[in-house]
Amino acid sequence: MRLQVAAGGPAALKVLAAAGAAAAPVRLVWGGPLGETAAAVAAPLPGRDPLAPVPVIPTPRRGPPGLTGLLPPAERPLAPLRPPWVPALELDSGTVLFSPNAICQFFFLARGEEPTDLTNQWLEWEATELQPAASAALYAQLVHGRKGLEAVQALGKLLAHIEQNLSRTGTAYLAGDTKSVADVVVWGTLFPVLQDETSLPSELQALRIWFQSMTLSEACRKAADSVLMPKALLEFKSYLQKQPPPCLAMERATSNEPEEEEGSERALTEEEITAAADAWARGAAALPKPWQPQKPVLPVEGMRNVLITSALPYVNNVPHLGNIIGCVLSADTFARYCRLRNWNTLYVCGTDEYGTATETKAVEEGLTPQEICNKYNAIHTDIYRWFDISFDYFGRTTTPYQTTIAQDIFQRLLARGFLLQDTVEQLQCEVCQRFLADRFVEGTCPFCGYKEARGDQCDKCGKLINAVELKNPQCKLCRAVPVVKPTQHLFLDLPKLEERLEPWLEQSWATGDWTANARYITRSWIRDGLKPRCITRDLKWGTPVPLDGFRDKVFYVWFDAPIGYLSITANYTDQWERWWKNPQQVELYNFMAKDNVPFHSVIFPCSLLGADDNYTLVNHLIATEYLNYEDGKFSKSRGVGVFGDMAKDTGIPADIWRFYLLYLRPEGQDSAFSWSDLMLKNNSELLNNLGNFINRAGMFVCKFFGGTVPNMVLTPDDKRLLARVTLELRQYHQLLEKVRIRDALRCILSISRHGNQYIQVNEPWKRIKGDEKDRQRAGTVTGVAVNMASMLAVLLQPYMPSVSLAIQGQLCIPLDCFVLSHDFTCTLPPGHRVGTVSPLFQKLENDQVEALRKRFGGGQAKQTPPASEPPPAPVTLMAPGDPQLIQELTEEVAKQGNHVWQLKANKAEKAQVDMEVAKLLELKKQLALAEGKSREDPVPKGKRKK
């Protein structure tokens, strides 16, 4: 093996440290950013005497342990590095690895160290969260001269994440008590920015100890000495100065709050300021013309053709807010963005209507399955219409096209030998005289002990279950205890398809945008080994199996349901194959919650790959984490949380719901809906920030300039504002192109903050009363501000379409300007007349929100008992002294305590603080109970119980 690295390049640090830590037998070739060989060292080859003389190269650079000896001068360098400064590892087979993390993993794998789930999670986090932030911090240090402390502040939440994990686990290293590839990779990313542990805040004690331990290790120390040499760093700095600055939106993993603006803005260059002023001057004529696709929307040669799906919602219930943000609302926001970019976009969805969920709901309501489907499809359609979801087509799976396409895929799989037949042990209810499909059974989860687990999946731990694995199973129809009996079923031979799946996955991951959780979940399935998957069920309601001996069965919903994307498109246009059998021209985005990932990343692609009919496979798999509700979780079956039909009865407009759900979209980890937070975000971000700015900008035009945009004479400060807004605009694009929907919304709010500050500093309401120069200044500020409002109307359209339309109407923005560009241009020139300007948002009052909280239940809906009556003891499934319960409650108490502290520090309203304190006290009582202590209330300080 030969490893080529560039001295001074940060990526070389982790690679050399990993090679040293794993004692990898590699030849080391030093090169510049374009592959110029400077010097070389190599480990002894197998069979070569390590002390044998070799020709000496002048002043060879020393490598870390495991990379000793010298390379003969005739050794050829690897191909030029692409992209610059990225290491390359050439294996003995001739394969070349260019990913630094993949090279590090290869070294540890070669030593026999298999990665654990925790190791993989750290590597995924480093690649998607830490590495982009560290790159931006290093750029700020080397190019803009930022000091180390500023870099630490920029990485603050990410460093806190490491600290919290090390403190919680109590282990010496990230993935356990021994050093792993995760430690080397994370250290290698941090070290160029931090250099030593003394730059870390003293409160990050666990992180400081870990960082010092890694830095002092022989492999890391020698790697740092080899790579971070002054001359090499100067070369790297020179290279960076020619590159555009990295544009970064930090994940707010621990909070739904936006990042603080103060102190976080980088310096603008003169080139950026000049370019922004030039773009402004070009005006609306420089914008691309909005493109309207034909109907029906079909792929167009030479255009970017984007096909978007959101996971088909089960028809058996009303969707709750978690369902809406996880699938249809996220996909709608991205689809609207794509259309504003003039990308040829088709967005389809529909109700998933076959399967046990429908049959069980029909039994519950005393209706036929078809009647249930008709009823709930109408409910879903009405809810999504109210939320302004812009489907090109919303269909359903109970159609002739579904039968035709599903059976065709089945027949092609059967003909190619990708289906198996096997006898299965299945639960049969002797009272109902039927085999019980998964959802007709409930029992205790064999993994976590949850007592209401379904026969296909546990709602609590999320693990997939075979119904016969349930403990204490019951028939959901009659509550009898079923018996296990054999029955014949068909299976998709996933192990046989794995050789087709893995190359496709690698290619899709390399070229597409998959969320970190989607990659991790998929890797877990592959790593654990694929097993044949049953695709038939003993049901009546479903797509019939067209095979003798199985005609009394139907397809299992997770074989059948994803095919619904195809059949729904076929119901939209008879030319559906131009979308679904056209991978050369079509980009496919799948939106879903994380529990749906394996079906879309493994099972459905295997079905299409096995069918071998040039199907379009997913390029970008976008999965959210879970949205919780106040103190608990949404549950269709238990009716916990706000559901779609309830939201429209609150009196709160749909766009406010859209904004809040997208603001707390669970992109990196679970988030929680909170009535108090909804009120806070509406009143602060929408009313006081965004709405205030747009209303003031429009009102100044009406009040001071007769409704006509005034002449503008830009000053250097104005041009700097244009450049600052342009940076936010481009970051908005970068984030949405990566489907970072939540973070892109912060860019909109940041622009309006800049606008409010601009107005506040320049005070046009005062200047309009001054001399000619002051009045001219008032006109310029008003003109720039109203053009910022015009641009915000376009940026808001994917998030709040009704509000966007209202702004367009008030400011009379030309329709041709409703298209997205990467430049901030003057779309409302001097002389443009605006319409009637009015407030966009209304304040939410505390009494109104408290009434809604009580109306819709959740953790705060319970009434506090009178003081004379002790409150009932909390119900718990675990006995006092249970260590798992104690650990969970201890973490909850700490989390709630921090929340209360933050509220007090931010001087929140007393009612909100009191409410959260009461919640904290209740958690402490539950913890005391779990520990076997008295349940008495704590005695207030300064008072003694008598």
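Bear in mind the structure is a predicted one, so any value in this text is a computation, not a measurement.

Rules used in this analysis
Residues numbered from 1 in each chain as written. Predicted model: local features only at pLDDT ≥ 70, side-chain atom pairs only at ≥ 80, totals over all residues. Heavy atoms only, no water. Helix = DSSP H or I, 4+ residues; strand = E, 2+ residues; numbered from the N terminus. Buried < 20%, exposed > 50% of the residue type's maximum accessible area, 1.4 Å probe, protein only. Contact = heavy atoms within 4.5 Å. Areas by Shrake-Rupley, 256 points an atom, 1.4 Å probe, with all protein chains shown as cover. Phe/Tyr/Trp six-rings, centres within 6.5 Å; stacked < 30°, edge-to-face > 60°. Arc of directions from axis to C-beta. Axes fitted to C-alpha atoms, helices over the stretch in contact; angles between N-to-C directions. Nonpolar A, V, L, I, M, F, W, Y, C, P; charged D, E, K, R; others polar. Pairing = 2+ DSSP bridges. Polar contact = N/O pair within 3.5 Å; in protein donor to acceptor, adjacent residues only side chain to side chain. Salt bridge = Lys/Arg side-chain N within 4 Å of Asp/Glu carboxyl O. pLDDT = per-residue confidence, 0-100. Core = buried A, V, L, I, M, F, W, Y, C linked by side-chain atoms within 4.5 Å. Disulfide = S-S within 2.5 Å. Parallel < 35°, antiparallel > 145°, perpendicular 65-115°, else oblique. Left-handed = near helix turned anticlockwise from the far one by under 90°.

> What should I look at first to understand the overall build of the protein in this one?
The number of helices and strands found in the protein is 31 helices and 22 strands. Taken over 946 residues, the protein has a buried fraction of 54%. Contacts spanning at least 24 positions in sequence make up 76% of the contacts within the protein whose residues lie at least 6 apart. Working note: accessible area of the protein is about 41200 Å², and carbon and sulfur atoms make up 53% of it.

> Would you explain the packing of aromatic side chains in this entry?
Aromatic rings considered in pairs are described by the distance between their centres and by the relative angle of their planes. Overall, the coordinates contain 31 aromatic pairs when judged by the stated rule. Relative to Tyr589, the ring of Phe334 lies with its centre 4.6 Å away and its plane at 45°, an arrangement referred to as tilted. One end of the pair, Phe334, is in helix H11 (residues 321-340); the other, Tyr589, is in strand S18 (residues 586-593), and 255 residues separate them in sequence. For the pair Phe334 and Tyr589, one class covers both residues: buried. On the basis of an interplanar angle of 75° and a centroid distance of 5.8 Å, the ring pair of Tyr384 and Phe391 is categorised as edge-to-face. Note on accessibility: Tyr384 and Phe391 belong to one class, buried.

> Help me understand the environment of Arg696 in this model?
Mapped onto the fold, Arg696 is located in helix H23 (residues 675-705). Taking the C-alpha atoms as reference, Arg696 lies 9.1 Å from Val837; in sequence the two are 141 residues apart. Not counting the four nearest positions on each side in its chain, Arg696 is found in contact with Asn756, Ile759, Gln760 and Trp765.

> Please explain helix H29 (residues 846-855) as it appears in this structure.
For an α-helix, 3.6 residues make a turn, and residues three or four places apart therefore share a direction. Among all positions in H29, only Val849, Leu852 and Arg853 are buried. All buried residues of H29 lie within an arc of 105° about the axis, which places them on one face of the element. Turned more than 90 degrees away from the buried face of H29 sit Asp847 and Lys854, all of them exposed.

> I tried to follow the packing of helix H22 (residues 654-663) against helix H25 (residues 741-762) on my own but got confused; where do I start?
When two helices pack together, you describe them by how their axes are tilted relative to each other and by the distance separating the axes. Interhelical geometry of H22 versus H25 gives an angle of 115° and a closest axis separation of 8 Å. Here Phe659, Leu662 and Tyr663 of H22 come into contact with H25, specifically with Ile741, Arg742, Leu745, Arg746 and Leu749. Each residue belonging to the contact of H22 with H25 can be placed in one class, and the counts come to six nonpolar, no polar and two charged.

> Just to check I follow, could you spell out the pairing of strand S1 (residues 2-6) for this structure?
Moving residue by residue along a regular strand, the side chains alternate between the two faces of the sheet. Most of S1 sits inside the fold, with five of its five residues counted as buried. Where burial is concerned, the two faces of S1 agree: the one with Arg2, Gln4 and Ala6 and the one with Leu3 and Val5 are both buried. One ladder, built from three bridges, connects S1 with strand S4 (residues 88-90); its direction is antiparallel. Paired with Gln4 across the two strands is Ala88, which belongs to S4.

> In this structure, what is going on with the side chain of Ser567? I would like to understand it.
In this fold, Ser567 is placed in helix H18 (residues 563-572). A distance of 2.5 Å separates polar atoms of two side chains, one belonging to Ser567 and the other to Gln402.

> Any chance you could explain the pattern of salt bridges here in plain terms?
A pair can form between side chains of opposite charge whenever their charged atoms are brought close. With the rule as written, the count across this model stands at 45 salt bridges. Note that Lys14 and Glu126 form a salt bridge whose closest N and O atoms lie 3.0 Å from each other. On the criterion of sequence distance, the pair formed by Lys14 in helix H1 (residues 10-21) and Glu126 in helix H3 (residues 117-142) is long-range, its members being 112 residues apart. What makes Lys14 buried here is its relative accessible area of 6%. One salt bridge connects Arg336 with Asp388, and the closest N-O pair in it is separated by 3.4 Å. Note that Arg336 is positioned in helix H11 and Asp388 in the loop between helix H13 (369-386) and strand S8 (393-396), a separation of 52 residues in sequence. According to the relative accessible area criterion, Arg336 is buried, its value standing at 9%. Taking relative accessible area as the criterion, Asp388 reaches 28% and is therefore assigned partly exposed. It is possible to trace a salt-bridge network through shared partners that takes in Asp332, Arg336, Asp388 and Arg658.

> Which parts of the structure should I look at to understand the side chain of His380?
With respect to the helices and strands, the residue His380 is situated in helix H13. Separated by 3.2 Å, the side chain of His380 and the backbone oxygen of Tyr314 make a polar contact. Among the polar contacts listed, one links the side chain of His380 to the backbone oxygen of Asn317, at a separation of 2.8 Å.

> Hey, could you run me through the confidence of the model for the protein in this one?
Close inspection of predicted coordinates is inappropriate in any region flagged by low pLDDT. With 80% of its residues at a pLDDT of 70 or more, the protein shows a mean pLDDT of 82. Low pLDDT, under 50, characterises residues 249-264; the predicted model gives this stretch 44 contacts beyond four residues in sequence or across chains.

> Please explain the sheet that holds strand S6 (residues 305-310) as it appears in this structure.
Within a sheet, neighbouring strands are paired by backbone hydrogen bonds and run either parallel or antiparallel to one another. Within the open sheet, the five strands sit side by side as S8-S7-S6-S18-S19. Their pairing is parallel. Both edges of this open sheet fall to S8 and strand S19 (620-624), since each of them pairs with a single strand only. For this sheet the average axis-to-axis angle between neighbouring strands, irrespective of direction, equals 20°. By the bridge criterion, five bridges tie S6 to strand S7 (residues 344-351) in an arrangement that is parallel. Paired with Val306 across the strands is Thr345, a residue of S7.

> Please explain the sheet that holds strand S12 (residues 453-454) as it appears in this structure.
Overall, antiparallel pairing links the three strands, which are arranged S12-S11-S13 in an open sheet. Edge strands, defined here as strands with exactly one partner in the open sheet, are S12 and strand S13 (471-475). As defined by bridge partners, strand S11 (residues 441-444) adjoins S13 across three bridges and the pair is classed as antiparallel. Counted as the bridge partner of Thr444 is Lys471 from S13.

> Before we go on, may I ask you to explain the nonpolar core in this structure?
Side chains of a nonpolar character, in soluble globular proteins, are inclined to be buried together. Among the nonpolar cores identified, the biggest contains 179 residues, and Ile308, Ile409, Trp657, Trp675, Tyr732 and Tyr799 are the most heavily contacted of them. In this view, Ile409 contacts Phe559, Ile563, Leu566, Ser607, Leu608, Ala611 and Tyr615; residues no more than four positions away in its chain are not counted.

> For this particular structure, what's the right way to read the pairing of strand S9 (residues 419-429)?
Of the strand pairs in this sheet, S9 and strand S14 (residues 483-492) are connected by ten bridges, and their pairing is antiparallel. Within the sheet, the bridge partner assigned to Glu425 lies in S14 and is Pro486. The sheet contact formed by S9 and strand S10 (residues 434-435) spans two bridges and is antiparallel. Directly across from Cys429, in S10, lies its bridge partner Arg434.

> Looking at this structure, I do not really get the environment of Asn614. What am I missing?
Looking at the secondary structure, you find Asn614 in the loop between helix H20 (597-611) and S19. Using a relative accessible area of 40% as the deciding quantity, one classes Asn614 as partly exposed. Counting along the chain gives 30 residues from Asn614 to Gln584, while the straight-line C-alpha distance between them is 9.5 Å. Ignoring sequence-local partners within four residues, the contact set of Asn614 consists of Trp580, Lys581, Asn582, Pro583 and Gln584. Here Lys581 takes part through its backbone oxygen, which lies 3.3 Å from a polar atom of the side chain of Asn614.

> How should the state of the cysteines be read in this particular structure?
One way to say it: the disulfide is the covalent bond shared by the sulfur atoms of two cysteines. In this structure the tally under the stated criterion is zero disulfides. Looking at Cys429, it has no disulfide partner, and the nearest cysteine sulfur is the one in Cys478, 3.5 Å off. Note on Cys429: relative accessible area 1%, which makes it buried.

> Would you explain unusual backbone geometry in this entry?
Peptide bonds are trans in most cases, and residues, glycine excluded, mostly fall at negative phi. Omega for the bond connecting Lys295 with Pro296 falls within 30 degrees of zero, at -5°, which places this linkage in the cis form. Mapped onto the secondary structure, Pro296 falls in the loop between helix H10 (270-282) and S6. Residues other than glycine seldom take positive phi values, yet Gln433 does so here, at roughly 60°. Inspection of the secondary structure assignment puts Gln433 in the loop between S9 and S10.

> Mind showing me how you'd approach the packing of helix H27 (residues 772-796) against helix H28 (residues 801-811) here?
Two numbers describe how H27 lies on H28: the axes approach to 8 Å, and their chain directions differ by 150°. Here H28 runs roughly antiparallel to H27, going by the angle between their axes. Every pair of crossing elements has a handedness; the one defined by H27 and H28 is left-handed. Across from Val786, Ala789, Ser790, Ala793 and Leu796 in H27, the residues of H28 making contact are Pro801, Val803, Ser804, Ile807 and Leu811. By residue class, the composition of the contact of H27 with H28 is eight nonpolar, two polar and no charged.

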